[in-house]
Each structure stands twice: as C-alpha cells, then as structure tokens.
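One letter stands for each residue in the lines below.
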Amino acid sequence: MIDYSKVLSPAIVNMKPSGIRKFFDIAQQLEGVISLGVGEPDFKTPWVVRREAINVLEKGRTSYTANAGLADLRKEASRYFSDRIGVDYDPNDEIIITVGGSEGIDLCIRSIVTAGDEVLIVQPSFVCYCPIVTLSGGVPVPIETKAENEFRLTAEELRSKITDKTKLLVLPYPNNPTGAIMRREDLEEIADVLRGTNILVLSDEIYSELTYSGKHVSFASLPDMRERTIVINGFSKAYAMTGWRLGIAAAPRELTSQMLKLHQYAIMSSPTVSQFAAITALRECDEDIVKMRDEYDMRRRYLVDAFNKLGLDCFTPQGAFYVFPCIKSTGLSSSDFCEKLVYSKKVAVVPGNAFGECGEGFVRVSYAYSLSHLREAIKRIGEFLEELKNGTL
C-alpha cells in the first residue's frame, strides 16, 4: 500500500485551502443562502461576444492558436493598453494571452522567483500570491496596509520591508478584497523607492475598469517603471467573462520571452473560442463596461451607507466590487462572525483574514449581486447584529 505522506509534495500538503472556497462550499450546502462571497459578475457576457463565440464554433475554428495567442487578439490588447493606460506594448513579443489573469500571475512569479528570493505582497489581497511564491521556493513577505490609509501602500511601508533578497513586489490595485485604489501620487512615491534597484513589480490590474474615482493609473505608465513592471489584466471582471478563462500579461520582451516558455509547456495556448470572442469584446464592448460599472457604483454606495448605518465602520472603496466593513465592534473574530452569520441568517460573506492576517477584524462583501439580494442580505445582517447585541443568538 502506498504511503502518500512520502510521495506528495510537502509544499502542497502544508498549503492551506482558500478561505474563500470554504464559505462558498457552506453556502452551496444550505438552502436559501444569499451568498455575497464570490467575486463573479452577475451580468451575462455581452451578447455580441457570445454571438461571436457561436459563429466561431459553427465554423469549426477550434484548433490550437499560436502559443502567445491569436495575433489579432494581441493587437487589440496592445491597442487597449495604449488607449487605457498610455503604455505601448509590441503585440508580437510583449503580450501573452493567458488562461485567466491567474495564469498570468503564475507565469510571472514562477519565471522570476527562485529559492530564497523574497516577494513583497501587499495585504489584504487575493489569495493566490503567497502559495505560488512558496511553490516557487520563494519567501512571501506580507506588507500590511491599514484602514486609516484606505489600504493604500505607503512608501514607508514598502521601504521597511526591502532587503537584499527582495526580488518582486506584488501590487494588486484596484484591490481585492478592500476595493482600495492607488492614486498617481501614491504610485509615484512607490516608484521613487524602487528606482535604482532591480526589484520587479507584478501589477495586478484585473479590476482596472472598475474604478469609480477618476481614471485608473497603471504603475507601468510612470516614468522608468515600464521596464520593471509586468501588467496582468483580463476579461473576467470588466467583460463578465469569468468562465471563458482568458487573461493578458504584458511586459518587456526580456520578461515575456521567459514567461512564454512556461506557458508553452504548461498550457500550450489559451482557449481558442474564447480568444476569438475576446477580440469582439475589446472592439465593441466599451459601452457594456460603462453600464456594468454604473450599476456596481450604485450598489457600492448603497452597501457602504448600509453598513455604516448598522454600526459597522466601512470606508468607501474606489475600485473593484467589494466592500470591507470592520466587524471588531461585535467582539467576534472574522471567521466566527462569518460562520455564525451563514448558519443563523443564511448570508455568506468571507472573513477578512482569508486575505492575510491584517484582514482580521474585517469581512469581504461582494456587490456583484443584484440590489434586491443586497437589500435582503443587509436586512438579515441587521437582525444578526441585533440578536448578537441582545444575547439572543
């Protein structure tokens, strides 16, 4: 009989499951749960995109594409970056079409990080960065951001974590789970710290289109920062294309040439039908983005106001589609709050410490759900807080 403890990778065995999935699974098992835990748009992929996919299937265009992706899609992605963030990338060798933004993150980290390298990871942040760094032999070094700074990274916080082993900074803005953004002046201070170093930057900009205060600013657009920055973006959030599994990685050719090797061996090429559909998304769906963003904005303002009225301090996020209310006043830990809420009132949210230890005392609430769902959830959360206060829960 095989002793699996001797054959499995210790790095995998010791890896904790995602805290997001835990509460998603609980919600799936209970009847009548309102789940505000998953960051997936409730909008359908725009019809013109779906229609193009149908046409592609009917024509039988289902073979492999070039490893880096369809040439036309890379050209459209290049135009997109030029228009949106003011940075030019050569579609021939500076853009890779990936299997979601997640693969782009994986390609970046595994192509750069070796044993003992330190990777600075802004937290709270999405759950995948630390595990990928660990699997690459690197050392994740959290940089804890604070609510009083609206979860922005400061130059002082960054400078305090840099050592001679620092290889990469993960800069995830607009931020999941907090909804924080970095303003141009904030990014310029970060750039000043990095000038004169060999530290690279993974700028995860998957939520860039969902910015509610001014225009999104990419770190790569700052003077001298393009050469050290890998920009990750994609179609899941802005175009409501989560299941199409398509992302974009853009970087100097010295970096993409190495990332492409890993992509070739691990993936071959991204889904062909999705790539053809994505060309249409980039060419024709700007108005759809605006409509969805306006709807998210309305939900955002409703939730921030509602949580503050309930006595749970909630700063106003300026990006993504999450709010991050503080639940410290309840006396419960983030995990206890979420468990009691889902079992007693059938509302699923995610504990803040799933996104880093500094997220303790907060919960992530997604507003990628209809306003009627959000209103009912707030009603139930209000009842939950009242019962907690009265000791009747």
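The name that an unreviewed UniProt entry assigns to the protein chain is Aminotransferase, with the source organism given as Ruminococcus albus. Its UniProt record gives the protein chain a comment under Sequence similarities (unreviewed entry), which states: "Belongs to the class-I pyridoxal-phosphate-dependent aminotransferase family." Regarding the protein chain, the UniProt comment filed under Cofactor (unreviewed entry) reads as follows: "pyridoxal 5'-phosphate".

1. Brief notes about the domain arrangement of the protein chain
By domain assignment, the protein chain separates into domain 1 (4-45 + 286-390) and domain 2 (47-285). If you average the C-alpha positions of domain 1 and of domain 2, the two centres end up 24 Å apart. Buried area between domain 1 and domain 2, summed over both chains or domains, comes out near 3,300 Å², and the portion from carbon and sulfur atoms is 64%. Between the two partners, domain 1 and domain 2, sit two salt bridges. The partner of Asp286 in a salt bridge is Arg84, with the nearest N and O atoms 3.1 Å apart. Looking at the side of domain 1 that touches domain 2, the elements that each hand over two or more residues are helix 1 (10-13), helix 11 (286-309) and strand 9 (322-323). Looking at the side of domain 1 that touches domain 2 element by element, the count peaks at nine residues for helix 11. Residue classes in the side of domain 1 that touches domain 2 are distributed as 21 nonpolar, seven polar and ten charged.

2. Here's the deal with the nonpolar core
Membership of the largest hydrophobic core comes to 45 residues, with the highest contact counts inside it found for Phe307 and Phe337. Here this core gets seven residues from one element, more than from any other, and that element is helix 13 (residues 371-390). Each of domain 1 (4-45 + 286-390) and domain 2 (47-285) accounts for three or more of the residues forming this core. Not counting residues up to four positions away in its chain, the partners in contact with Phe337 are Leu312, Ile327, Thr330, Leu332, Val363, Phe384 and Leu385. Counting residues in each nonpolar core, the second largest holds 32 residues, with Val56, Ala220, Tyr239 and Ile279 among its members.

Basis of the calculations
Residues numbered from 1 in each chain as written. Predicted model: local features only at pLDDT ≥ 70, side-chain atom pairs only at ≥ 80, totals over all residues. Heavy atoms only, no water. UniProt positions renumbered as here; feature names shortened; annotations may be inferred. Domains from an automatic or database assignment. Buried area = accessible area lost by both parts, 1.4 Å probe. Salt bridge = Lys/Arg side-chain N within 4 Å of Asp/Glu carboxyl O. Helix = DSSP H or I, 4+ residues; strand = E, 2+ residues; numbered from the N terminus. Nonpolar A, V, L, I, M, F, W, Y, C, P; charged D, E, K, R; others polar. Core = buried A, V, L, I, M, F, W, Y, C linked by side-chain atoms within 4.5 Å. Buried < 20%, exposed > 50% of the residue type's maximum accessible area, 1.4 Å probe, protein only. Contact = heavy atoms within 4.5 Å.

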